[in-house]
Amino acid sequence: EKRLHPPERIEKAVAGTTGLVLEEMRYFSYPRQSSLERLCDQAQSKHYSTFQLYSPKDFLTALQQFKEHLQQEFAALTAVQWTDWNILYVIKKD
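About the criteria used
Residues numbered from 1 in each chain as written. Predicted model: local features only at pLDDT ≥ 70, side-chain atom pairs only at ≥ 80, totals over all residues. Heavy atoms only, no water. Phe/Tyr/Trp six-rings, centres within 6.5 Å; stacked < 30°, edge-to-face > 60°. Buried < 20%, exposed > 50% of the residue type's maximum accessible area, 1.4 Å probe, protein only. Lys NZ or Arg CZ within 6 Å of the ring centre and 35° of its normal. Axes fitted to C-alpha atoms, helices over the stretch in contact; angles between N-to-C directions. Helix = DSSP H or I, 4+ residues; strand = E, 2+ residues; numbered from the N terminus. Parallel < 35°, antiparallel > 145°, perpendicular 65-115°, else oblique. Left-handed = near helix turned anticlockwise from the far one by under 90°. Contact = heavy atoms within 4.5 Å. Nonpolar A, V, L, I, M, F, W, Y, C, P; charged D, E, K, R; others polar. Arc of directions from axis to C-beta. Polar contact = N/O pair within 3.5 Å; in protein donor to acceptor, adjacent residues only side chain to side chain. Salt bridge = Lys/Arg side-chain N within 4 Å of Asp/Glu carboxyl O.

For the rest of this paragraph, the subject is the packing of aromatic side chains. Given two aromatic rings, one states the distance between the centres and the angle between the planes to describe the pair. Tallied over the entire structure, the rule returns three aromatic pairs. Taking the centre distance of 6.0 Å and the plane angle of 70° together, the rings of Tyr48 and Phe51 count as edge-to-face. By relative accessible area, Tyr48 is classed as partly exposed at 39%. Every member of this aromatic cluster is reached through a ring pair, and the members are Tyr48, Phe51, Tyr54 and Phe59. The cationic tip of Lys46 hangs over the ring face of Phe59; the distance from NZ or CZ to the ring centre is 4.0 Å.

The next thing to look at is the packing of helix H2 (residues 36-44) against helix H3 (residues 56-73). Packing of H2 against H3 leaves a shortest axis separation of 11 Å and a crossing angle of 165°. As far as their axial angle goes, H3 and H2 are roughly antiparallel. Considering the relative orientation of H2 and H3, their crossing is right-handed. Where H2 approaches H3, its residues Leu36, Leu39, Cys40, Ala43 and Gln44 are matched on the opposing element by Phe59, Leu63, Phe66, Lys67, Leu70 and Gln71. A breakdown of the residues in the contact of H2 with H3 according to their chemical character gives eight nonpolar, two polar and one charged.

Let us now look at H2. Buried within H2 are the following residues: Leu36, Leu39, Cys40, Gln42 and Ala43. In an axial view of H2, the angular spread of the buried residues amounts to 160°, which keeps them on one side of the axis. Next to the buried residues of H2 lie strand S1 (20-34), H3 and strand S2 (80-93). The positive-phi residue at the C-terminal boundary of H2 is Lys46, with phi of around 60°.

Let's shift gears to the side chain of Ser35. Position of Ser35 among the secondary structure elements: in the loop between S1 and H2. Here Arg38 takes part through its backbone nitrogen, which lies 3.0 Å from a polar atom of the side chain of Ser35. Not counting chain neighbours up to four residues away, the residues in contact with Ser35 comprise Leu77 and Thr78.

A side chain of one charge can pair with a side chain of the opposite charge if their charged atoms are brought near each other. All chains considered together, the criterion is met by three salt bridges. Close ionic contact of Lys92 with Glu23 constitutes a salt bridge, the shortest N to O distance being 3.5 Å. On the criterion of sequence distance, the pair formed by Lys92 in strand S2 and Glu23 in strand S1 is long-range, its members being 69 residues apart. Residue Arg26 pairs with Glu24 through a salt bridge whose shortest N-O separation is 2.7 Å. Judged by its relative accessible area of 40%, Arg26 falls in the partly exposed class. What makes Glu24 partly exposed here is its relative accessible area of 29%.

Structure below.
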């Protein structure tokens, strides 16, 4: 994922913006599980907005690499597990 900014960049941007204060950063994690088939279906239907950024050729290449990686890493392709991480930034006006 290349569209996300690291927390340090957000902190620096807020610190450099007059009138804003970063009050809190809260981390969330979500254990997830799905099948390889479902994940590929979601990718092909452009379930996540970042898939729109790929050219058709690059998307097919990335999807193939994704499948190959999961096939190497998971014995049970009907139960692929991962953790999604999110950050909530509380930014207030000074």
